[in-house]
Each structure stands twice: as C-alpha cells, then as structure tokens.
Amino acid sequence: MSSSLDTLIFDNRFTRELPADPEATNQRRQVLGACYSRVTPVQTRQPSLVACAREVAQMLDLPEEVCDAEQFVRVFSGNEVLVAMDPYAMCYGGHQFGHWAGQLGDGRAINLGETINGRGERWVLQLKGAGPTQYSRSADGLAVLRSSVREFLCSEAMHHLGVPTTRALSLVLTGDQVVRDMFYDGHPLPEPGAVVCRVSPSFTRFGSFEIFAARQDWDLLRQLLDHTIRTDFPHLPEPGIETYVVWFDEVCRRTAELIVHWMRVGFVHGVMNTDNLSILGLTIDYGPYGWLEDYDPDWTPNTTDAEGRRYRFGQQAQIAQWNLGQLARALAPIVQQVEPLQESLMRYSNLYNDGYNSMMANKLGLQSRDGASDAELIKDLQSVLQLRETDMTLFFRSLAGLSMETTAKLADAALLKPFEAAYYQTDPLTREQHHDTLSWMRRYVERARRDGTPDGTRRQQMNSVNPKYVLRNYLAQLAIDKSAEGDHSMVHELLDVLRRPYDEQPGKEVFAEKRPEWARHRAGCSMLSCSS
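This is a predicted model, so every value here is computed, not measured. Along each chain, numbering runs from 1 in the same order as the chain's sequence is written. Under the rules for a predicted model, residues below a pLDDT of 70 receive no local features and side-chain atom pairs below 80 are neither given nor counted, while totals for whole chains, interfaces and linings still include all residues. Values reported for side chains reflect all heavy atoms of the structure, with hydrogen atoms and water molecules removed beforehand.

1. A word on the state of the cysteines
Spelled out, the test is: Here, two cysteine sulfur atoms that lie within 2.5 Å of each other are counted as a disulfide. Put simply, DSSP H or I for four residues or longer makes a helix, DSSP E for two residues or longer makes a strand, and each gets a number counted from the N terminus. For every residue, the accessible area (1.4 Å probe, protein chains only) is compared with the maximum for its type, and the residue is labelled buried under 20%, exposed over 50%, or partly exposed between those bounds.
If you walk through the whole model with that rule in mind, you get one disulfide. Disulfide pairing places Cys-52 opposite Cys-67 at an S-S distance of 2.2 Å. Of this pair, Cys-52 sits in strand E2 (residues 48-52) while Cys-67 sits in the loop between helix H2 (54-59) and helix H3 (70-75), and the two are 15 residues apart along the sequence. For the pair shown, Cys-52 and Cys-67 are each scored as buried.

2. Observations concerning the packing of helix H5 (residues 206-214) against helix H8 (residues 316-335)
Selection criterion: Comment: axis = line fitted to C-alpha atoms, over the contacting stretch for helices; angle = value between 0 and 180 degrees taken between N-to-C directions. Should an angle fall under 35 degrees it is called roughly parallel, over 145 degrees roughly antiparallel, and 65 to 115 degrees roughly perpendicular, with every other angle called oblique. Left-handed describes a crossing in which the near helix is turned anticlockwise from the far one by less than a right angle; the clockwise case is right-handed. It only takes one pair of heavy atoms within 4.5 Å for two residues to be counted as in contact. All residues other than Ala, Val, Leu, Ile, Met, Phe, Trp, Tyr, Cys, Pro, Asp, Glu, Lys and Arg, Gly among them, are scored as polar; the first ten of these are nonpolar and the last four charged.
As a packed pair, H5 and H8 sit with axes 9 Å apart at the nearest point and diverge in direction by 40°. Comparing the axis directions of H5 and H8 gives the class oblique. The two elements H5 and H8 meet at a crossing, and its hand is left-handed. For the pair H5 and H8, contact is made by Phe-206, Phe-209, Glu-210 and Ala-213 and by Asn-323, Leu-324, Gln-326, Leu-327 and Ala-330, respectively. The class makeup of the residues in the contact of H5 with H8 is six nonpolar, two polar and one charged.

3. Overview of helix H16 (residues 473-484)
Stated formally: Helix span is expected to be 1.5 Å times the residue number reduced by one.
The end-to-end C-alpha separation of H16 is 16 Å, in line with the 16 Å expected for 12 residues at 1.5 Å each. Turning to H16, its buried residues number three or more, namely Asn-473, Tyr-474, Leu-475, Ala-476, Gln-477, Ala-479, Ile-480 and Ser-483. Among the structural elements, E2, helix H4 (145-161), strand E11 (290-291) and helix H17 (489-497) are those in contact with the buried residues of H16. Following H16 by one or two positions, Gly-486 adopts a phi angle in the positive range, close to 95°.

4. Looking at the environment of Ala-20
Turning to its location among the elements, Ala-20 is positioned in the loop between helix H1 (13-17) and strand E1 (36-38). Owing to a relative accessible area of 28%, Ala-20 belongs among the partly exposed residues under this scheme. Residue contacts for Ala-20: discarding those within four places in its chain leaves Ala-34, Tyr-36 and Arg-38.

All quantities given are derived from atomic positions and should not be read as evidence of function.
Encoded structure:
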C-alpha cells in the first residue's frame, strides 16, 4: 500500500555488517556469537495514536500529516513492517546496581531499522513495548500506557531543555490489556498497553561491549567496536588500538557533559546500570526517572534503589565514572594497555568538575570567574537549599528576578520574600536557617554586583539555563490518569509547553507550580518502580 512512509530510506548497516543470531526462533535463550537477533513485532488488537512529535517527524523527512495516516499507526504499533525494514533486538549485558547481570539485551525493544534522511543523518527507529524477543527472559516484552507516556514526554522535554537524549516519534495505544504488578506487592492488574517509537543515531550501550568481553569473544568485541567507530564516530581515524583509546576518551567526555546537563536541570535517571548508558552520551532508557523538586542530593526516584540509594541525584557523576570504568575493563584486553584508559577516566573527573562549576556559575548569572570564592559560594548554596525543602527550579528562576541595585538596599524580610513560593515547608525559618539563608543571599548579591553584569543581561542569561517548565512527576501522572480514561489532551498540552521550557508562556503558569502536597507520596508522583 503506497504511503509517505515508503519514502523512508533504510540503510540497516547494523544488521548488514555485524553477525546475526544463527537461530531464527523467538525463544528466550543465551545468544552466543551474535550482536543481534531478528524478531518481528507482535500484532495488536486495535492500535490508535495518542500523540506524535512533529519535530521528530520532520527530522525523519516525514510531513506532519503522515502522523494521522492509518499506515503510520500500523507501522509504529508493530502491526506492519515495511519491506525495507529489518527488525532486530540487540544483544548486550550490563552491571545492574553494581553487580554483573550477564546477558540482558533488548527485552522489550525492537529496532525496526536504520533510516537515512535528506541531510545524511542516520536514525534508528525502535519500538518499545512491541512484544517479546530472545532477550525478554521471563517478561512479555510489552509496555503499559503509564510508562510510555512518561518516556514519550520526557524524551522530548529533555531535547528542548538542551540535554542530549534519544527522541520519541510517537505514542500509540495497542488496544490490548497488559498485566503489571505496579508495586511488586503480589497484586497485578490489567493496564492499557502502549508502544513508543524511540529514535536515536544509535542505541549501543556500555553493556553492548561488556557482554563480549565477559564471554572473552574478542573477535566479536572488535567487530562491534570497529563498526561503532566507523558508523557513529566517522570523524575518528580508521579503527585500531590508537583509535580505540581516542574513542574511549571521547565517550568519557560526552558522558561528563551529559551528567553536567542532568545536574543543571535537576534530572535523576534512577537506574544508571551500564546497560542504560549510551556510548553517544545521550540520555537513554526512561524508566523510574524523576525531577528533583525539593533539593535533596540523596533523593532517588527508583523504589528498587530506595534502601541503598546508589543512583541518587548527588551521586550520578560518580556512578557514570564507575560505569566508564567497567567499559574500560571490557576494552583493556584489545587495547592491550591500561594507562591511557586510566588517564581518560581521570580526565572525566576533571571535565565533570570543571563543567559543573562552569554550569553552576551560569545558573547564578556570573560571567566572570572567581575560582575558589565561587566554588565556596556554590557549595554553600547546596547547603542553603537543604535548610528547607526548597524547589530547585523555582529557586533559580526567582533568583534571576532579583535586581542587584535595589536588592542590596532591601531589608532582610523583603530580600527573602520572593523565595517563599519555592519552599515546600510552610513553617517559619528558624533563627539559624534565617541567618544562613540571608548570609548566602547577601554574599550572592555582592558577588553579582562585583561581576558587573546589567540586571537585564544577567536575568536573560540565567533564564536561558534555568528552566521554568520541567516534567514534574505529578504533571506526568495527571496526564497519564486522563489518558487512561481516553482523554489525551494533557499529553498534547504538556508536549507543547515543554517545547519552550525557558519561556514565560503566559497562561501556562499552572505547569510551573511546585508539587502540590497531595502528590508528596502518591504513586507515580514521587518514587516509581521499574514496572512497565
């Protein structure tokens, strides 16, 4: 059947160049000597479109009206496979919560193929929730509406925030019910099934290399590494030991830059296993993520991580370095030397620390740099934000609104008043809290005045890196609740608001408000499980 989707040009280099699973059956098993297994998405009962991201469609050279076509819904629900597609699931392993988990793989993701747009850009189209694969283990390979809404919205929200990320083309209801035990408490319930089409230049992860190193399959590890460098890092020299070292160093750099962005906007990934980190430095696999609301470096959105808090907000940089260390271990036998890999890991620390301090100075609107003094100001701010439950997003937007000339002359109460809306705790500040908060404010005002940046310029700079709108957990949950009842309007409205997260957007202020008290402990609004 002719359709605009037929204009998609598929290259499918991954399946053309790398070894395939010799077994054709879709049975859960250990897949040896292969980078992927071919698999076909399952048929669904009555697919219907919830939303399409028009920017992603344009990125793929698809006219916006194509999203409304019947074939679009069939293809991106898994009910139709275009002739030029070559669906497959990737084989990879990973360290989960610090422990080697062996083979994992695409258990609920099916890559439809790699398409090349008119600008020569390569995009892998991947369906999440389109049925079981050889890597599904004991699961069904399906996804439910609640997790799919969160993935769809957050992928696009992160892009518009300027955070490196995979993208999301579409969100489709399958018309089927999927049984999930949301709280892992022995009470599974049927939920609406859904499929997200994820889009990325590559879905290769740290764990993609770890699995072959763990199996001592050095030939396959080298094949995957050479393919990755030639395909995803074409600016690097032809693969060889020296290029492997340069490649790892670039992965370290991209990862450091990614984590700095996460810290800038208050994003907590929630499950930073090595199979969930992209070699391109992209945010990948939106599971139990969360947005830091009241500033708490020890907060994790993942219920599975609630006790150890391995993946808490304040430890994301260290975990990323640990994960890079596991990738270095996988590469060491073919690089045949460890020193340059260790140097890259050390360079990661320096890049992250420098990037973090520069990022925080930008959040504070400081154009000049005053090394040790600024570092102390930033460190003390982290303590001040924890004196009360202070909403990170609202705090920085309020800080940008201060006028340095008039603020210096304000009485104490007037200086603190603009920040009252950022506090979750309504109790008055204690004497100590009042003193420490006010002391920091006065120091900041003096530092900003010494910087000499005009108020308007400083405010514009701060508001360009401090978002007003983020995908707060309770907003996503409200959209999920409505969508489950057949009303997808809030999904569309959030998608639209999150396209311009740094703008004021008159009339949309309700989406910038802090988390309401009713959402403090409600499921989906605070912590989440990995259940999808």
